[in-house]
Protein chains: 2
Amino acid sequence: MTRPSVTALDTLFGALADPTRRLLVERLLTNGPATATALAETTPLTRQAVLKHLQVLEAAGLMEHERCGREVRFRVTPQPLASAVAWILDTAGQWDRRLDRLRKLTS
Amino acid sequence: MTRPSVTALDTLFGALADPTRRLLVERLLTNGPATATALAETTPLTRQAVLKHLQVLEAAGLMEHERCGREVRFRVTPQPLASAVAWILDTAGQWDRRLDRLRKLTS
DNA sequence: GCTTTGTGCAACTAACTAGTTGCAGATGGT
DNA sequence: ACCATCTGCAACTAGTTAGTTGCACAAAGC
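Definitions and limits used
- Residues numbered from 1 in each chain as written.
- Chains lettered and ligands numbered in written order.
- Predicted model: local features only at pLDDT ≥ 70, side-chain atom pairs only at ≥ 80, totals over all residues.
- Heavy atoms only, no water.
- Near = heavy atom within 4 Å.
- Polar contact = N/O pair within 3.5 Å; in protein donor to acceptor, adjacent residues only side chain to side chain.
- Helix = DSSP H or I, 4+ residues; strand = E, 2+ residues; numbered from the N terminus.
- Nonpolar A, V, L, I, M, F, W, Y, C, P; charged D, E, K, R; others polar.
- Pairing = 2+ DSSP bridges.
- Contact = heavy atoms within 4.5 Å.
- Axes fitted to C-alpha atoms, helices over the stretch in contact; angles between N-to-C directions.
- Expected span 1.5 Å × (residues − 1).
- Buried < 20%, exposed > 50% of the residue type's maximum accessible area, 1.4 Å probe, protein only.

A.B. asks: Just to check I follow, could you spell out the protein's contact with DNA strand C for this structure?
C.D. replies: Of all residues adjacent to DNA strand C, which total 20 residues, the nearest are T46, K52 and H53 of chain A together with T37 and R70 of chain B. Among the atoms of DNA strand C close to the protein, meaning within 4 Å, 55% are from sugar or phosphate groups. Contacts to DNA strand C include R47 of chain B, whose side-chain N or O atom sits 2.8 Å from a base oxygen. Residue R70 of chain B places a side-chain N or O atom 2.7 Å away from a base oxygen belonging to DNA strand C. Among the elements of the structure, α4 (47-59) of chain A together with α4 (47-59) and β3 (71-76) of chain B are those that each provide at least two residues to the surface near DNA strand C. Per-element accounting of the surface near DNA strand C gives the leading share, four residues, to α4 of chain A. By residue class, the composition of the surface near DNA strand C is four nonpolar, seven polar and nine charged.

So this is what it looks like as structure tokens:
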């Protein structure tokens, strides 16, 4: 076993490990795209703190930003979540029959 | 949006965020239970480093250890992974049809 | 009983993370 | 042109994490 390199799964699971970030994802999915400033207003955190979280999510491939005039709107791009599910199913699938059934359905 | 508290999902996703830990999970799933010492031999890391990783995994509910004489054997308990998949499906399921299909099958 | 092998605990370092503040620059409204 | 508002960047702090070393303790084997 060689020392593993940092992969997309690292940053992906790492991004999901923070409850604030998961909340941001949920918010943006249900309410649609928003700016860091707007999101920060619904939060005890600073705009910068929220922005950093959004950037972490973006680095994980879960976000995308678009400039509109002086605003920067963030939107969720959930595709990478499929990789996370894939790892779980591939790994634990050999163990758990129920998950294994699901794995077959995704391929 | 109140400041979110630390939940099981935090430690779970956090545990999965490290490539070494994912490797340990894979190893133990395919090769069966093993001790920290044995696992460390297949790794550039120290026994203590490996042990810490195993303890992180155990805190996330993904491991269980059992004492056998002077050895301590670790085994994977993958049940919590279902929560991770559940969050992903519940959250992104409303967005992605393919994941949504899966969500219905798990309920 | 002695040696080997495996575990447990503690202290320590280096690097990273979450969050802050402060300020400068850009854009839009009037 | 001016003011309000939104973004961008940088510096800084406090806490956490990954990993190490060193040593003491426990269990097997001979």
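A.B. asks: Help me out: how do you make sense of the sheet that holds strand β2 (residues 63-68) of chain A in this one?
C.D. replies: Strand pairing in a sheet relies on backbone hydrogen bonds, with the paired strands running either antiparallel or parallel. All names here are of chain A. Strand order in the open sheet made by the three strands is β1-β3-β2, with antiparallel pairing throughout. Whereas interior strands pair on both sides, the edge strands pair on one side only; in this sheet they are β1 (34-35) and β2. Bridge analysis of β1 against strand β3 (residues 71-76) gives two bridges, and the strand direction is antiparallel. Counted as the bridge partner of T35 is R73 from β3. Helix α2 (residues 19-31) contacts β1, β2 and β3 of the sheet and is inclined by roughly 95° relative to β3.

A.B. asks: Any chance you could explain α2 of chain A here in plain terms?
C.D. replies: All names here are of chain A. The first and last C-alpha atoms of α2 sit 18 Å apart over 13 residues, in line with the 18 Å expected at 1.5 Å per residue. Along α2, the residues classified as buried are P19, T20, R21, R22, L24, V25, L28 and L29. Where α2 starts, the residue carrying a side-chain oxygen 2.7 Å from the main-chain nitrogen of T20 turns out to be D18. Looking one or two places after α2, you find G32, whose phi comes out positive at around 85°.

A.B. asks: Looking at this structure, I do not really get the protein's contact with DNA strand D. What am I missing?
C.D. replies: Taken together, 21 residues sit near DNA strand D, with T37 of chain A together with T46, K52, H53 and G69 of chain B positioned nearest. A share of 54% is what sugar and phosphate atoms reach among the atoms of DNA strand D within 4 Å of the protein. Interatomic distance of 2.9 Å between a side-chain N/O atom of R21 of chain B and a phosphate oxygen of DNA strand D. Separating a base nitrogen of DNA strand D from a side-chain N or O atom of R70 of chain B is a distance of 3.1 Å. Sorting the residues of the surface near DNA strand D by element identifies α4 and β3 of chain A together with α4 of chain B as the ones contributing at least two each. The element best represented in the surface near DNA strand D is α4 of chain B, accounting for four residues. Looking at the surface near DNA strand D residue by residue, the classes come out as four nonpolar, seven polar and ten charged.

Distances and angles like these do not, on their own, reveal function.
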